[in-house]
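Each chain, letter by letter, is given below.
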Amino acid sequence: GVVWQDTFDDSSSLNNYDIVNGDLISDGVLTSLGCENSDCVFGSTYFYRNSLGAIGTWSFDFNLTSSLYFYFIGIGKVSGHGLFPKQGYNLNIRPSQKLFTLDYVSSTISTLGSYTSEKSIVGWKHIDITRDENGEIVVYLDGKTIIETKQADLTRSDHINIQLSKGSQLDNLVYSNTIDDP
């Protein structure tokens, strides 16, 4: 069932997150105000929350101006550039290219799968990511399977880590320790 969820109805939702660079507004949806200092890449806001689940379902709604890096499993942190995980799984969404990539991050970055949408991904969309005990990872866009892969190296997680481009929005971020239907 649901372990944690954030609907970003008010600023108290931000209490669950450590903001590394940039700023966020939570007023019904989560909006990135971006970042202006030298540690920022592309003016994005970097933030994370503790999350111990490595098996289950991660879901959220998004409305992007530029890009989103969503590390749904993260172990350790690398200093600089938003404290990205030393190891983890990342869903990267780039609306300008209509591109979704799923990467495994360790000492190097390996792409596990990708999907290019025929339709625009501008406006509100929904993502579900499932990962089972065998390492089977499935990514769904608005209920449609877009990436299927297997990678079982990581068996635990410390946190999720998010890089959200300025002006981009997230809502209804949920982690469940069960494999839920999209």
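Here the structure is shown first, and the text comes after it.
Read on for an overview of the structure. Just so we're clear, the structure is a prediction, and the values are computed from it rather than from any experiment.

**Things to note about the side chain of aspartate 61**
Here is step 1: In this structure, aspartate 61 sits in strand β6 (residues 56-63).
Here is step 2: It is lysine 125 that comes nearest to the buried, bridge-free aspartate 61 among opposite-charge side chains, at 11 Å.
Here is step 3: A distance of 2.6 Å separates the side chain of aspartate 61 from the side chain of asparagine 172, its partner in a polar contact.
Here is step 4: Those residues within four positions of aspartate 61 in sequence are excluded, and the remaining contacts are Trp124, Lys125, His126, Gln169, Leu170, Asp171 and Asn172.

**Structural notes on the pairing of strand β3 (residues 23-26)**
Here is step 1: Side chains Leu24 and Ser26 project from β3 onto a buried face, and the interleaved Asp23 and Ile25 project onto a face without burial.
Here is step 2: The antiparallel pairing of β3 with strand β4 (residues 30-34) creates a hairpin that spans 3 residues between the two strands, and glycine 28 there sits at a positive phi of about 110°.

**A short note on the environment of serine 117**
Here is step 1: Counting through the fold element by element, serine 117 comes out in the loop between β10 (109-116) and β11 (125-131).
Here is step 2: Judged by relative accessible area, serine 117 falls into the buried class, the value being 9%.
Here is step 3: Along the primary structure serine 117 and leucine 99 are separated by 18 residues, whereas in three dimensions their C-alpha atoms are 6.5 Å apart.

**A short note on the sheet that holds strand β14 (residues 159-164)**
Backbone-to-backbone hydrogen bonds join strands into a sheet, with any given pair of strands oriented parallel or antiparallel.
Here is step 1: Pairing within the open sheet is antiparallel, and its 7 strands lie in the order β2-β5-β14-β7-β8-β9-β10. Every interior strand has two partners, whereas the edge strands, β2 (18-21) and β10, have only one. Taking each pair of neighbouring strands and ignoring which way they run, the sheet shows an average axis angle of 15°.
Here is step 2: Pairing of strand β7 (residues 68-75) with β14, which is carried by 5 bridges, proceeds in the antiparallel orientation. Within the sheet, the bridge partner assigned to tyrosine 69 lies in β14 and is glutamine 163.

Scoring rules and cut-offs
Residues numbered from 1 in each chain as written. Predicted model: local features only at pLDDT ≥ 70, side-chain atom pairs only at ≥ 80, totals over all residues. Heavy atoms only, no water. Helix = DSSP H or I, 4+ residues; strand = E, 2+ residues; numbered from the N terminus. Buried < 20%, exposed > 50% of the residue type's maximum accessible area, 1.4 Å probe, protein only. Lys, Arg positive; Asp, Glu negative; His and termini not counted. Salt bridge = Lys/Arg side-chain N within 4 Å of Asp/Glu carboxyl O. Polar contact = N/O pair within 3.5 Å; in protein donor to acceptor, adjacent residues only side chain to side chain. Contact = heavy atoms within 4.5 Å. Pairing = 2+ DSSP bridges. Axes fitted to C-alpha atoms, helices over the stretch in contact; angles between N-to-C directions.

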